[in-house]
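# Architecture and fold: a report
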Amino acid sequence: MSKQSLIAIAVFALLLGGVWLVNQQPAEKGISRISFAKVDPDAIDRLEVEGPEAVTLIRSGEGWKVDGKHRASKSAVDSALSVIPKITSSALITANPERFADYEVDAEKGNRVKASAGGKVVAEFVVGKAAEGGTHVRVGDEVFSVSGIYAYTFVRKTPQWYELKVFEEKIDALSRVALGPVGAPFALEKAEEAWRLAAEPAPDLPEGFRFDPAAAKSRVAALVNLRAKELVTEDPGVAVTGLGEGAARVSFTAGEQTRTLRLGQAAGEGGAVYGQVEGGDTLYLLHASNAEAFLAPVESLRLLDLMDFDPSIVRSLEIVDGAERTLLEKGEAGWAITESRPALADDFVFDPARVDQRLAALKNARALGLAEGEQLAAAEQALKKPVARVVLTFESGQQAELDLGAEQESEEQKWIPARGNIDAGVYRLSPFLRRSLAGGGKSFEKVEAPAGPGMGPMGGLDPETLKNLPPEVREALMKKMMEQQQLQQLQAKIPAGE
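In short, a report on the structure. Values in this document were obtained by computation on a predicted structure and should not be read as measured data.

Among the structural elements, Arg366 can be located in the loop between helix H6 (353–364) and strand E23 (369–370). Of the side chains with opposite charge, Asp305 lies nearest to the buried Arg366, which makes no salt bridge, at 4.6 Å. Of note is the side chain of Arg366, whose polar atom sits 3.0 Å from the backbone oxygen of Asn364.

Here is the structure:
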């Protein structure tokens, strides 16, 4: 056997021996990957975070409590529990304790999370600083980059764990709601699917009052879905909160249970008032605007529409705005502009669909409120000489009018005096609605809508659906649609290539 062959055999033997020795070594201590995929979130009954943002969450019945005292946010807890089984990674970053501080998984900056079920820890890890697309997580002495996991899921300021939704009931379960100011309460009751004024306590209704079921439903929803501004952990006492026996109260009945909310005094100058559910020990700071709405008089549920008519029987639409006048008439071929002052441009293209939209806007228009006191005097004076008028003529020859007066301003709010055919009341109308209701000939110009669903002037919405929205929501939506329409018109007039 040659010398070279002997050397090759010796080297091969050494390699075999090395492999055998490696296989005989005990397994390396620690782990080379992490995975909590087998953890059952539904079995976890305790979640602890130790570190700069320490907190203890304990399952209590169907819910959770923060530090065993206050209700915890269901969404926040559910989010944390659902993420634990998703913590899995083999992207080892370091096992050197001297580098733990670099990734904020050391004892000083890291937040240690422990999830327990039945007294047994089922997952334990330290959450550190953000990694690319995720977070650094330490288990034992090894730090991994875990994708899709973010520290905020587990690391929050204690108040961010609190449940700020005051009630757990759903609106469909409610049958009665008691609202109104002290001394003039009223109640709403559910009749089939609509809300109406209850007979008791008998409300003191002003003359000509028209009840708005949509506004009532919105008020009910605001109460049952009420979210606090923040939770108060240290009760300053009744003298400060004003939540004693003389406090204002609103309530609702769901099934056999009645839930009552006490509304107290203002808390500083932050636009909040104290609130507490009777029978509970949690003290809230509620948005003052919510409290004002719940304690508003029955007049706040007045129906504020201006026009009452059937769009299908309208045969002409006359719009006069100052020196401008537009007359639209419906013949066998449909709608057409028969008169316009000033004359329309030669390249003007009429869009009959705009007439249907205008009629829907008139029918669905809602005022800001009634003009009262000094406002009423100014409004009546302005309406003696309306600056704009819309006249509808029906198949029968009868007519309906909407008069708009000169713009007014009171309490730093601008408004338009308006009187329609719904009643003899004088209403305050948002100035922005003036153009959408009394726009002249140019506002009926055809504009090619941008490609894509829901991009037309009405955004694909059925105008009839607008009347069921709260006034402020309806107004904001209509304003957005008008802005979109104006943008489309502007874009259509820009020459191609510019």
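So, next bit.
Within helix H2 (residues 74–83), the full set of buried residues consists of Ala76, Val77, Ala80, Leu81 and Val83. Projection of H2 onto a plane perpendicular to its axis shows the buried side chains occupying an angular sector of 165°, all on one side. Exposed residues pointing more than 90 degrees away from the buried face of H2 are listed as Lys74 and Ser75.

This part covers the pattern of salt bridges. Summed over the entire model, instances satisfying the criterion amount to 22 salt bridges. Glu50 is paired through a salt bridge with Lys114; the nearest N and O atoms lie 3.5 Å apart. Taken together, the residues Glu50 in strand E2 (residues 46–50) and Lys114 in strand E8 (residues 111–117) connect sequence positions 64 residues apart. With relative accessibility at 19%, the residue Lys114 sits in the buried group. The shortest N-O distance in the salt bridge between Arg210 and Asp423 comes to 3.2 Å.

To continue, consider the nonpolar core. Within the largest apolar cluster, 66 residues are counted, with the highest numbers of intra-cluster contacts made by Ile84, Phe125 and Phe154. Residues within four places of Phe154 in sequence aside, it is in contact with Val49, Ala80, Val83, Ile84, Ile87, Val113, Phe125, Val127, Ile149 and Trp161. Within the second largest apolar cluster, 33 residues are counted, among which are Leu359, Leu404, Leu429 and Leu437.

Moving on, we come to the pairing of strand E12 (residues 174–179). The side chains of a regular strand alternate between the sheet's two faces. Both E12 and strand E16 (residues 248–254) contribute to a ladder of 4 bridges, which runs antiparallel. Opposite Ala178, over in E16, you have Ser251 as the bridge partner. Note that E12 and strand E13 (residues 186–191) share 4 bridges and pair antiparallel. Looking at E13, one finds that Leu179 is bridged to Phe186. Connecting the antiparallel pair E12 and E13 is a turn made up of 6 residues, with Gly180 showing a positive phi of about 100°.

Each value, and the rule that gives it
- Residues numbered from 1 in each chain as written.
- Predicted model: local features only at pLDDT ≥ 70, side-chain atom pairs only at ≥ 80, totals over all residues.
- Heavy atoms only, no water.
- Helix = DSSP H or I, 4+ residues; strand = E, 2+ residues; numbered from the N terminus.
- Buried < 20%, exposed > 50% of the residue type's maximum accessible area, 1.4 Å probe, protein only.
- Lys, Arg positive; Asp, Glu negative; His and termini not counted.
- Salt bridge = Lys/Arg side-chain N within 4 Å of Asp/Glu carboxyl O.
- Polar contact = N/O pair within 3.5 Å; in protein donor to acceptor, adjacent residues only side chain to side chain.
- Arc of directions from axis to C-beta.
- Core = buried A, V, L, I, M, F, W, Y, C linked by side-chain atoms within 4.5 Å.
- Contact = heavy atoms within 4.5 Å.
- Pairing = 2+ DSSP bridges.

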